[in-house]
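Spelled out, the chains give:
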Amino acid sequence: MDGESRAGVRVGFVGLGTMGSRMARRLLDHGFSLSVHNRTRDREEPLTSGGARRAETPAGAASGAGVVVVMVSDTPDVEEVLFGPHGVAEGATAGAVVVDMSTISPAATREFGRRLSGLGVGLVDAPVSGGSEGAERGTLAVMAGGSPQDVEKARPVLEAMASTVTHVGPLGSGQLTKAVNQVIVGGTYLAVAEGILLGLRAGLDMEAVIEAISHGACRSWVLENRSANMLRDDYPLGFRLALHRKDLRIALEEAAAAGVEMPLSSLLAAVEDAAMTAGDGDADVSVVARELRRRSLGTTP
Ligand code: NAP
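Novice: Describe the nonpolar core, listing the residues and the values that go with them.
Specialist: Phe-13 and Met-101 are the most contacted members of the largest nonpolar core, which totals 35 residues. Elements represented by at least two residues in this core include exactly strand 1 (10-14), helix 2 (18-29), strand 2 (33-37), strand 4 (67-70), strand 5 (97-100), strand 8 (140-145), helix 9 (148-159) and strand 9 (162-169). A total of 5 residues in this core trace back to one element, the largest contributor, which is helix 2. In this structure, Met-101 is in contact with Met-23, Val-69, Val-70, Met-71, Ala-126, Pro-127, Val-128, Val-142, Leu-158 and Met-161, ignoring residues within four places of it in sequence.

Novice: Can you tell me about the site of the ligand, naming the residues and giving the values?
Specialist: Looking at the ligand, there are 27 residues lining it, with Thr-18, Asn-38, Thr-40, Arg-43 and Ser-73 nearest. For the ligand, an oxygen atom lies 2.7 Å from a polar atom in the side chain of Asn-38. Within the contact set of the ligand, an oxygen atom lies 3.0 Å away from a backbone nitrogen or oxygen of Thr-103. The protein chains hide 91% of the 910 Å² of surface that the ligand would expose on its own. Here the ligand is seated within the largest pocket. For the shell around the ligand, the secondary structure elements donating two or more residues are helix 2, helix 5 (75-83), helix 8 (131-137) and helix 13 (241-258). Class assignment for the residues of the shell around the ligand results in 8 nonpolar, 11 polar and 8 charged.

Novice: Give a detailed account of unusual backbone geometry, specifying residues and quantitative values.
Specialist: Along the chain, Leu-237 connects to Gly-238 via a cis peptide bond; the corresponding omega equals -15°. Looking at the secondary structure, you find Gly-238 in the loop between helix 12 (221-232) and helix 13. A positive phi is found at His-86, a non-glycine position, where the angle reads about 60°. Turning to its location among the elements, His-86 is positioned in the loop between helix 5 and helix 6 (88-91). Of note, the phi angle at Asp-233 is positive, near 55°, even though the residue is not glycine.

Novice: Before we move on, can you summarise the pattern of salt bridges with the specific residues and values?
Specialist: Per the stated rule, a full pass over the model turns up 22 salt bridges. Across the pair Glu-56 and Arg-41 runs a salt bridge, and its minimum N-O distance is 3.2 Å. Here the residue Glu-56 occupies a position in the loop between strand 3 (53-54) and helix 4 (58-62), and Arg-41 occupies one in the loop between strand 2 and helix 3 (45-48), the gap between them amounting to 15 residues. A salt bridge links Glu-159 to Arg-155, with the shortest nitrogen-to-oxygen separation between them at 3.7 Å. Remark: Arg-155 and Glu-159 occur in helix 9; sequence separation between them is 4 residues, near one turn of the helix. Residue classification places Glu-159 among the partly exposed residues on the basis of a relative accessible area of 44%. Overall, Arg-155 belongs to the buried group, its relative accessible area being 18%. Where salt bridges share partners, they join Asp-233, Asp-280, Arg-290, Glu-291, Arg-293, Arg-294 and Arg-295 into one cluster.

Novice: Describe the packing of helix 10 (residues 173-201) against helix 14 (residues 263-277), and please don't skip the residues or the numbers.
Specialist: Between helix 10 and helix 14, the least distance of the axes is 10 Å, while the angle of their chain directions is 60°. One finds that helix 10 runs oblique with respect to helix 14. In terms of crossing hand, the pair formed by helix 10 and helix 14 is left-handed. For the pair helix 10 and helix 14, the contacting residues are Val-183, Gly-186, Gly-187 and Leu-190 in the first and Leu-264, Ser-265, Leu-267, Leu-268 and Val-271 in the second. Of the residues in the contact of helix 10 with helix 14, the class split is 6 nonpolar, 3 polar and no charged.

Novice: Which residues make up helix 10, and what values go with them?
Specialist: In a regular helix each residue adds 1.5 Å, so 29 residues correspond to 42 Å; helix 10 covers 42 Å between its end C-alpha atoms and thus fits that length. Following helix 10 by one or two positions, Gly-203 adopts a phi angle in the positive range, close to 85°.

What counts, and where the lines are drawn
Residues numbered from 1 in each chain as written. Predicted model: local features only at pLDDT ≥ 70, side-chain atom pairs only at ≥ 80, totals over all residues. Heavy atoms only, no water. Core = buried A, V, L, I, M, F, W, Y, C linked by side-chain atoms within 4.5 Å. Buried < 20%, exposed > 50% of the residue type's maximum accessible area, 1.4 Å probe, protein only. Helix = DSSP H or I, 4+ residues; strand = E, 2+ residues; numbered from the N terminus. Contact = heavy atoms within 4.5 Å. Near = heavy atom within 4 Å. Polar contact = N/O pair within 3.5 Å; in protein donor to acceptor, adjacent residues only side chain to side chain. Areas by Shrake-Rupley, 256 points an atom, 1.4 Å probe, with all protein chains shown as cover. 1 Å grid on protein atoms, 1.4 Å probe; cavity = no way out; pocket = protein on both sides within 12 Å on 5 of 7 lines; lining within 4 Å. Sits in = over half its atoms within 2 Å of the grid points. Nonpolar A, V, L, I, M, F, W, Y, C, P; charged D, E, K, R; others polar. Salt bridge = Lys/Arg side-chain N within 4 Å of Asp/Glu carboxyl O. Axes fitted to C-alpha atoms, helices over the stretch in contact; angles between N-to-C directions. Parallel < 35°, antiparallel > 145°, perpendicular 65-115°, else oblique. Left-handed = near helix turned anticlockwise from the far one by under 90°. Expected span 1.5 Å × (residues − 1).

Here it is in structure tokens:
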């Protein structure tokens, strides 16, 4: 799609947090005609000063839009934004597609899809991986669920925010894929934290260690992008620990329903619960390393 065609596509965007603010910026940069709304209204300003229209409510952001992107925290938040007072469902026109890019429950996603389809509005679940860096650079990995027609309608908008947009199956499949992603990446956070702590305790030069091992088999996004946090014992956002714990809850619920045992995710959930009890819920998820420091050293050096 060229710039002129994109300018003709009206996009509503609800939820301008760590991820949403950066993703909405990408849409503006790609020339989409954008209406934005955020619950905390002053977060709209950086987008409106860049050319986006300010919508008073989620319904206002959806009004007249062909595609409405939602990027909020958890399942009840998506429900509120879609179906609460002045929600997206009140403003969306028949034929529009809502693209929920938040990470939420697959079962609730299917239910939201049924409710929207009664209004002639499509739903695509399109959670993302790639962190705030991926949102900033427009290099997210999108895992999309929904009907082929709805996913194709959403695709030009998704491609402006992502390196890859993979249609993984019917509605809810995107969220299930994200649960798989979070199980794998979550285990990696814990493994990287453990390895770093072992190296520190053994007196190794950890900068050199990370340089040495990051070209071998343990290479990972977490090692590349979050080991510095763990070494410094400083955990700027990123991805809030409380949000990752929410993702583990979703994955563990799906695992229980499917009769799958997930020992690593259960252990990580306990470590994350302890870190949240210690007051680290708003830090980046790499703060699991601090929890291991507390346990290993009895203090945070
Ligand atoms: P965040 O910085 O905490 O932002 C959350 C956004 O949701 C804010 O705009 C917040 O509005 C809005 N919100 C929350 N509850 C709401 C409600 N009930 N009604 C209206 N708005 C509500 O979170 P984030 O890091 O951007 O993450 C957003 C989603 O992406 C989450 O599902 C997360 O799991 C997923 N995700 C995050 C990352 C990451 O690296 N951060 C990566 C992949 C996926 P206010 O500004 O008013 O609080």
